[in-house]
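Okay, here's what each chain looks like letter by letter:
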Amino acid sequence: MTIATLNDPLTLPCGATLPNRIAKAAMSEHLASPKQSPTRRLARLYERWSAGGAGLLITGNVMVDQAHLEAVRNVAVKPESNIDHFREWAAAGTTHGNHLWMQLNHPGRQTPRHLNPSPGAPSAVEPVNLFRRAKAFAKPHAMDETEIARVIGEFASAAAFAQTAGFTGVQVHGAHGYLVSQFLSPLTNQRSDQWGGSLDNRARFARTVLSEIRTAVGDDFPIGIKLNSADFQRGGFTEDESMRVLRMLQEDGIDLVEISGGSYESRVMFDKVENQREAFFLDYARKARAEVDLPMMVTGGFRARSIMQDALSSGALDVVGMARPFTNNPHVAQDLLDGRTATATDPPVMPGLGRLGGSSQAIMSFAQMRLLARGKSPTLRFGGLGALLTSLVQESADLFKPKRP
Ligand SMILES: Cc1cc2nc3c(=O)[nH]c(=O)nc-3n(C[C@H](O)[C@H](O)[C@H](O)COP(=O)(O)O)c2cc1C
């Protein structure tokens with residue numbers, strides 16, 4: 001068996017080849033125009049990341065339905081979208097020969113109330129409880145068959161649109177408590193029809209989305225999915241169920257599965273849970289490798305080059321995913337690949353918000369992306385402060401805006 005290194009290419013089942021094993025995981029940039037279109041700034045951010053060495057860049061979540069946004073400045077694919085703006089983004093993000101995949105998402109119940117007072121979800125469960133601010137989110141309605149079919153169609157047509165615009169692949173966001181993962185979890189999916197109940201039924205939505213995308217984009221276009229190793233909530237999607245979904249994906253065929261975990265209500269994607277070593281979901285990945293033969297990317301907490309290399313050479317994964325350090329240093333992947341850097345660094349914890357742990361660094365990441373997008377360095381000096389304040393105002397407007405009358 002040849003031992004993979006970070007610099008080795010990886011050929012995916014569809015035939016496409018990633019030039020190396022480091023991927024920038026999706027980070028919602030919140031840099032779209034007020035009409036949900038990609039902007040020049042977004043393109044500039046991706047041009048910088050494309051020069052930064054990662055073999056695969058995955059965009060922040062792009063919404064497949066403009067009425068269902070995760071944040072006010074999300075990019076969305078809509079019937080009247082101007083494809084030229086997406087072409088510009090795709091061209092900028094592939095300048096240096098890397099892959100650029102569009103992450104496709106529908107937030108389901110995880111959409112702020114002021115953006116959607118009646119979110120569609122598998123079941124009419126309680127509103128999202130984020131930082132105990134339940135009022136920031138509305139109670140969802142249970143989607144009917146027509147709505148489910150429409151959303152599946154929207155995923156497929158958004159994927160075809162991404163392909164036409166020049167993105168080199170797509171990833172379905174099936175993690176972190178958004179719609180696809182709401183279908184998977186028994187906490188949020190309480191249906192008794194073909195979309196709920198048994199795991200086979202709860203996985204039907206994800207599997208149908210993926211197969212409709214395959215039909216739309218053809219056989220040689222990469223399709224990935226981001227999946228939770230578990231919800232980390234009592235009564236939720238378990239590790240055992242997640243493994244069984246991996247077996248289903250192996251049966252169906254998929255180019256890359258990215259492993260993560262958690263949701264708005266259990267934010268383990270940003271922090272170590274007890275007894276974890278540096279990388280959050282590595283133990284799960286090792287178990288999964290014994291069960292399935294699927295190209296696998298693991299994201300969450302990877303920082304040290306030696307740990308990334310060990311994970312690759314032990315066969316625990318095929319691609320190392322990393323997010324927050326890319327906002328601190330757009331060249332972090334090349335620095336790791338060339339051995340110039342031994343450890344990638346996170347954005348600083350925001351003053352006064354240290355108790356939020358990794359979520360505080362996530363908020364800082366928005367500020368750093370805003371600076372990079374304006375062609376500046378990701379620092380926290382004067383310019384950084386401005387970006388930080390702007391992003392804080394925008395993020396808190398999304399989360400804490402009062403209920404609509
Ligand atoms: C600012 C920010 C935005 C994020 N947006 C997304 C997103 O749109 N889609 C997604 O799958 N994950 C998203 N994530 C999660 C990351 O992809 C990743 O799973 C998480 O940050 C853990 O990886 P890290 O420890 O390397 O940062 C986001 C993370 C951050 C910090």
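Scroll up to find the structure this text is about.
The notes below deal with the structure included here. Just so we're clear, the structure is a prediction, and the values are computed from it rather than from any experiment.

Quick notes on helix 6 (residues 204-217)
Spacing of three or four residues puts side chains on the same side of an α-helix, whose turn is 3.6 residues.
Then comes step 1: If you check helix 6, its first and last C-alpha atoms are 20 Å apart, about what 14 residues at 1.5 Å a residue would give, namely 20 Å.
Then comes step 2: Three or more residues of helix 6 are buried, namely Phe205, Ala206, Val209, Leu210, Ile213 and Val217. Looking straight down helix 6, one finds that the buried residues subtend no more than 130° of arc, so they occupy a single side.
Then comes step 3: Buried residues along helix 6 sit against helix 3 (145-165), strand 9 (169-174), helix 4 (179-184), strand 10 (223-228) and helix 7 (239-252).

With respect to the site of the ligand
Then comes step 1: For the ligand, the set of nearby residues contains 24 residues, the closest of which are Ala25, Ala26, Asn61, Ala323 and Arg324.
Then comes step 2: In terms of residues, the shell around the ligand owes the most to one element, helix 12 (residues 358-373), which gives 3 residues.
Then comes step 3: Taken together, the residues of the shell around the ligand sort by class into 11 nonpolar, 11 polar and 2 charged.

Observations concerning the packing of helix 7 against helix 8 (residues 282-291)
Then comes step 1: Where helix 7 meets helix 8, the axes come as close as 10 Å, and the angle between the chain directions of the two elements is 45°. In terms of orientation, helix 7 lies oblique with respect to helix 8. Relative to helix 8, the crossing made by helix 7 is right-handed. The segment helix 7 lies against helix 8, with Glu239, Met243, Leu246 and Arg247 engaging Tyr284, Ala288 and Glu291.
Then comes step 2: Here the residues of the contact of helix 7 with helix 8 sort into 4 nonpolar, no polar and 3 charged.

Side note on the nonpolar core
Then comes step 1: Core analysis: the biggest nonpolar cluster contains 109 residues, and Phe155, Ala285 and Val320 have the highest contact counts within it.
Then comes step 2: By residue number, the principal contributor to this core is helix 3, which donates 9 residues.
Then comes step 3: With near-sequence residues (within four places) excluded, Phe155 lies in contact with Val64, Leu104, Val172, Val209, Glu212 and Ile213.

What to know about the environment of Ala373
Then comes step 1: As for its position among the elements, Ala373 is in helix 12.
Then comes step 2: For Ala373, a count of 21 C-beta atoms within 10 Å gives the class buried.
Then comes step 3: Measuring from C-alpha to C-alpha, the distance between Ala373 and Thr39 comes to 9.7 Å, with 334 residues separating the pair along the chain.
Then comes step 4: Ignoring sequence-local partners within four residues, the contact set of Ala373 consists of Leu31, Arg41, Leu42, Arg44 and Leu45.

Thoughts on the pairing of strand 11 (residues 256-260)
Then comes step 1: The element strand 11 is largely enclosed, with a buried count of 5 among its 5 residues.
Then comes step 2: Residue alternation in strand 11 divides its side chains into two sets, Leu256, Glu258 and Ser260 and Val257 and Ile259, and both sets are buried.
Then comes step 3: Pairing geometry for strand 10 and strand 11, over 5 bridges, is parallel. If you follow Lys226 over to strand 11, its bridge partner there is Glu258.

Notes on helix 2 (residues 83-93)
Then comes step 1: Burial in helix 2 covers these residues: His85, Phe86, Trp89, Ala90, Ala92 and Gly93. Along the axis of helix 2, the buried positions cluster into a sector of 165°, meaning they face one direction only.
Then comes step 2: Buried residues along helix 2 sit in contact with helix 1 (40-50), strand 4 (56-58), strand 6 (99-105) and helix 3.

What counts as what
Residues numbered from 1 in each chain as written. Predicted model: local features only at pLDDT ≥ 70, side-chain atom pairs only at ≥ 80, totals over all residues. Helix = DSSP H or I, 4+ residues; strand = E, 2+ residues; numbered from the N terminus. Expected span 1.5 Å × (residues − 1). Buried ≥ 20, exposed ≤ 12 C-beta atoms within 10 Å, placed from the backbone. Arc of directions from axis to C-beta. Contact = placed C-beta atoms within 7 Å. Near = placed C-beta within 6 Å. Nonpolar A, V, L, I, M, F, W, Y, C, P; charged D, E, K, R; others polar. Axes fitted to C-alpha atoms, helices over the stretch in contact; angles between N-to-C directions. Parallel < 35°, antiparallel > 145°, perpendicular 65-115°, else oblique. Left-handed = near helix turned anticlockwise from the far one by under 90°. Core = buried A, V, L, I, M, F, W, Y, C linked by C-beta atoms within 7 Å. Pairing = 2+ DSSP bridges.

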